[in-house]
Amino acid sequence: MKIRGKAGSERFTIAAFFVLFAVICGIFQSFSPSFLTPASITTMLKTGATTAIAALGLTFVIIVNHSDISFYMTSCFSSMFMAWLIAKGAHPVPAVLLGLAAGVFWGGVSGLAVGRFKLPDIISTIAIGSIGFGAAYIFSDGAFIYDNFHTCGIINLSEYRFLGINVSVWIMIAIYISAYILLEKSRHGRKFYAVGSNKKAAFFSGIHVNRIIILAFIASGTLAALAAMIYDAAQGQGNVKIGLNFLMPCFSAIYIGWSVFRKPCVVGTFFGALLATVITTGFTVLSIPYYWSDLTMAGVLILAIGISKVGFRAKESTARKKEAAA
């Protein structure tokens, strides 16, 4: 009966989320009939792809029970590094790969600080992110980089379409499928959840805890870098502040998904990012000042964190009772 009750509660929460999602879409559609047209949905998916990709990387860190405040700042370094290479005449492919390598580097630095040297995650990642963001100014003294952007083909990273859908959306889909298979269907992926649940138990189970934490931060840094580069391609310029918009939507996406699916997970982050994108786009379409969108997303984030933490504490309480009974 308890199992059925728990499963029923989870199904109710998921159903409630989709009802809420439909209601929000219906409200925006009633005020703007063009909100749910195929063209608008395609644009929404393209816009949301960058947030969803960056949020997925951060999900790895949240799963191992840590926090990363560096990803959105270091992504600025990666995007400017790519833009600088393109301005110097580099082909887009190696420019993007080197930008991803920069993301791996910054993620690895954060992972080492937290996983290997046991520094406080929030403070150390803020410091590392600030260093990365400051270093991003080196490439252009903070100015935009336009050179070769419209002639080298980098814009195709965002604008090229396959079957009527932007390639950035296909990239997002491929990454999410890969992450789902890794985290939910593989033995290696379960190690991330094990570390996040109980580091000591994971260690005595033979899991290299520090390595898993480092890998989680590398995933965060790398996917944030990719998202920022796609965003640069969409804007047709290198913008040193391109990644600063990721912080609130990414955390909102993860905790919305956590509150619905009772744990940080790939599917939850995807639907959370989709809801965040719908809200942001809806406010834009209705010409509502941007700060109302920020206020709304902040409120949604606080509510989602509260719901997720209540579920997490209930799960911990159940686990303790089982241990006591054993």
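Structural data are supplied above this passage.
The rules behind the values
- Residues numbered from 1 in each chain as written.
- Predicted model: local features only at pLDDT ≥ 70, side-chain atom pairs only at ≥ 80, totals over all residues.
- Heavy atoms only, no water.
- Axes fitted to C-alpha atoms, helices over the stretch in contact; angles between N-to-C directions.
- Helix = DSSP H or I, 4+ residues; strand = E, 2+ residues; numbered from the N terminus.
- Parallel < 35°, antiparallel > 145°, perpendicular 65-115°, else oblique.
- Left-handed = near helix turned anticlockwise from the far one by under 90°.
- Contact = heavy atoms within 4.5 Å.
- Nonpolar A, V, L, I, M, F, W, Y, C, P; charged D, E, K, R; others polar.
- Patch = residues over 30% accessible without salt bridge, like charges linked within 9 Å, V, L, I, M, F, W, Y side chains within 5 Å.
- Areas by Shrake-Rupley, 256 points an atom, 1.4 Å probe, with all protein chains shown as cover.
- Salt bridge = Lys/Arg side-chain N within 4 Å of Asp/Glu carboxyl O.
- Buried < 20%, exposed > 50% of the residue type's maximum accessible area, 1.4 Å probe, protein only.

Comments concerning the packing of helix H11 (residues 247-261) against helix H12 (residues 266-285)
With their axes 7 Å apart at the nearest point, H11 and H12 run at an angle of 120° to one another. One finds that H11 runs oblique with respect to H12. As for how H11 packs across H12, the hand of that crossing is right-handed. Across the interface between the two elements, Ala253, Ile254, Ile256, Gly257 and Phe261 of H11 pack against Val267, Gly268, Thr269, Phe271, Gly272, Ala273 and Leu275 of H12. Of the residues contributing to the contact of H11 with H12, the split by class is eight nonpolar, four polar and no charged.

Structural notes on a nonpolar patch on the surface
Nonpolar side chains collect at one region of the surface, where Val19, Val23, Ile27 and Phe31 lie side by side and expose about 390 Å² of accessible area between them. If you trace the backbone, valine 23 turns up in helix H1 (residues 2-31). Taking relative accessible area as the criterion, valine 23 reaches 42% and is therefore assigned partly exposed.

Regarding the pattern of salt bridges
Applying the stated criterion across every chain yields a total of two salt bridges. Residues lysine 46 and glutamate 159 are paired through a salt bridge, measuring 2.6 Å at the closest nitrogen-oxygen approach. Here lysine 46 is found in helix H2 (residues 38-63), whereas its partner glutamate 159 is found in helix H6 (residues 156-159), with 113 residues between them in sequence. By relative accessible area, which is 30% here, glutamate 159 ends up partly exposed. One salt bridge in this structure joins glutamate 184 and lysine 263, with 3.4 Å as the shortest N-O distance. Of the two residues, glutamate 184 sits in helix H7 (residues 167-185) while lysine 263 sits in the loop between H11 and H12, which places them 79 residues apart along the sequence.

Geometric descriptors of this kind do not, in isolation, establish any biological role.
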